[in-house]
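Listed below, chain by chain, are the residues.
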Amino acid sequence: MEKHIKTLLNRLSCASITIATLTLILLITKTPETCVSSKPSSNSITKFPKSSCDYTHRELVSIEKKNKRIWSTNDWIKKVKSLTELFHEIQDQWGLKFLNNHTKALCVSAGAGHEVMALNQLGVIDVTGVELVESPPLVSRADPHNLPFFDGVFDFGFTAHLTEALFPYRFVYELERTIRPGGVVVVVVEECDFDELGEIKRFFKKCDFVSARNVTLAGLKMTQIIMRNRVKTVSS
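Since the structure is predicted, the reported quantities are computational estimates derived from the model, not experimental observations.

### Some thoughts on the sheet that holds strand E2 (residues 126-131)
Step number 1: Spatial ordering of the open sheet is given by E3-E2-E1-E4-E5-E7-E6, a layout of seven strands whose pairing is mixed. Among the strands making up the open sheet, the edge pair consists of strand E3 (139-141) and strand E6 (207-217). Across this sheet, the average inter-strand angle for adjacent strands is 20°, counted without regard to direction.
Step number 2: Note: strand E1 (residues 104-108) against strand E4 (residues 154-159), three bridges, orientation parallel. If you follow Leu106 over to E4, its bridge partner there is Gly157.
Step number 3: Running at roughly 145° to strand E5 (residues 179-190), helix H5 (residues 168-178) makes contact with E1, E4, E5, E6 and strand E7 (220-229) of the sheet.
Step number 4: Against the sheet, helix H6 (residues 194-201) engages E5, E6 and E7, with an angle of about 130° to E6.

### Some points on helix H3 (residues 74-94)
Step number 1: Taking 1.5 Å per residue, 21 residues should reach 30 Å; H3 reaches 31 Å between its end C-alpha atoms and fits that length.
Step number 2: As for H3, its buried residues are in contact with helix H2 (63-71), helix H4 (114-122), E4, E5, E6 and E7.

### A closer look at the packing of aromatic side chains
Step number 1: What the rule picks out here adds up to five aromatic pairs.
Step number 2: Seen from their ring centres, Phe149 and Phe154 are 5.2 Å apart, and the 90° between their planes marks the pair as edge-to-face.
Step number 3: Of the residues examined, Phe154 reaches a relative accessible area of 4% and is grouped as buried.
Step number 4: Members of the aromatic cluster, joined through ring pairs, are Phe87, Phe156 and Phe158.
Step number 5: The ring of Phe209 is capped by Lys201, whose NZ or CZ atom sits 4.3 Å from the centre of that ring.

### Here's the deal with the environment of Asp143
Step number 1: Note on placement: Asp143 falls in the loop between E3 and E4.
Step number 2: Along the primary structure Asp143 and Ser109 are separated by 34 residues, whereas in three dimensions their C-alpha atoms are 8.6 Å apart.

### Things to note about the packing of H3 against H4
The relative placement of two packed helices comes down to the angle between their axes together with the axis-to-axis distance.
Step number 1: Put simply, H3 and H4 touch, their axes get as near as 8 Å, and they point 55° apart. When the axis of H3 is compared with that of H4, the two are oblique. In terms of crossing hand, the pair formed by H3 and H4 is right-handed. In this structure, H3 contributes Trp76, Lys79, Val80, Leu83, Thr84, Phe87, His88 and Gln91 to the contact, and H4 contributes His114, Glu115, Met117, Ala118, Leu119, Gln121 and Leu122.
Step number 2: Grouping the constituent residues of the contact of H3 with H4 by class yields eight nonpolar, five polar and two charged.

Conventions used here
Residues numbered from 1 in each chain as written. Predicted model: local features only at pLDDT ≥ 70, side-chain atom pairs only at ≥ 80, totals over all residues. Heavy atoms only, no water. Pairing = 2+ DSSP bridges. Helix = DSSP H or I, 4+ residues; strand = E, 2+ residues; numbered from the N terminus. Axes fitted to C-alpha atoms, helices over the stretch in contact; angles between N-to-C directions. Contact = heavy atoms within 4.5 Å. Expected span 1.5 Å × (residues − 1). Phe/Tyr/Trp six-rings, centres within 6.5 Å; stacked < 30°, edge-to-face > 60°. Buried < 20%, exposed > 50% of the residue type's maximum accessible area, 1.4 Å probe, protein only. Lys NZ or Arg CZ within 6 Å of the ring centre and 35° of its normal. Parallel < 35°, antiparallel > 145°, perpendicular 65-115°, else oblique. Left-handed = near helix turned anticlockwise from the far one by under 90°. Nonpolar A, V, L, I, M, F, W, Y, C, P; charged D, E, K, R; others polar.

What follows is the structure, encoded as structure tokens:
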């Protein structure tokens, strides 16, 4: 009796496997009726897929095309223009045209690169922008707390995001380290009072305070702080 039961169960298993296999083959080879026809009607104007079976070819947008679109927006143009005016005023303050085509500039936490483009428009050709997320061709990927540059390789440093740094002392240390003796560091922060200015100045260990003034940057009230890296004196 047990032998007959085992035989019956084996037959049922074989039949179930056969049915499952045939069903799978039909599902693979047969196109569901809900799918869009592979040859759509010539007078069809539908632009959206009618089912999950449909697909749409996505055009790959080049970086050049994407940047051209971004750089032509009013918001981008406004920010770059405002930064250009800021750098131009700094240039006039120093009298000797400190920002020129021989200046090596560094922009830390440069975002999408507004300040890099502003310096380029001012005539500064050699500008390096860094940020945690790159935005080619203006900004490269680098950690502002661990800059991949040798000591004193830049003449000018700029950042508008010091107060957003995770470790501000380390942030400033790296900025100071990469600026040559006699070089200039410009920091722009939200408009601050005398006490807050003192707190920011304390972040700097190698630079001397030059000046601070309130400015308007892209419609926002800000404070511009200029520091100068100390020139090392040779002891006799």
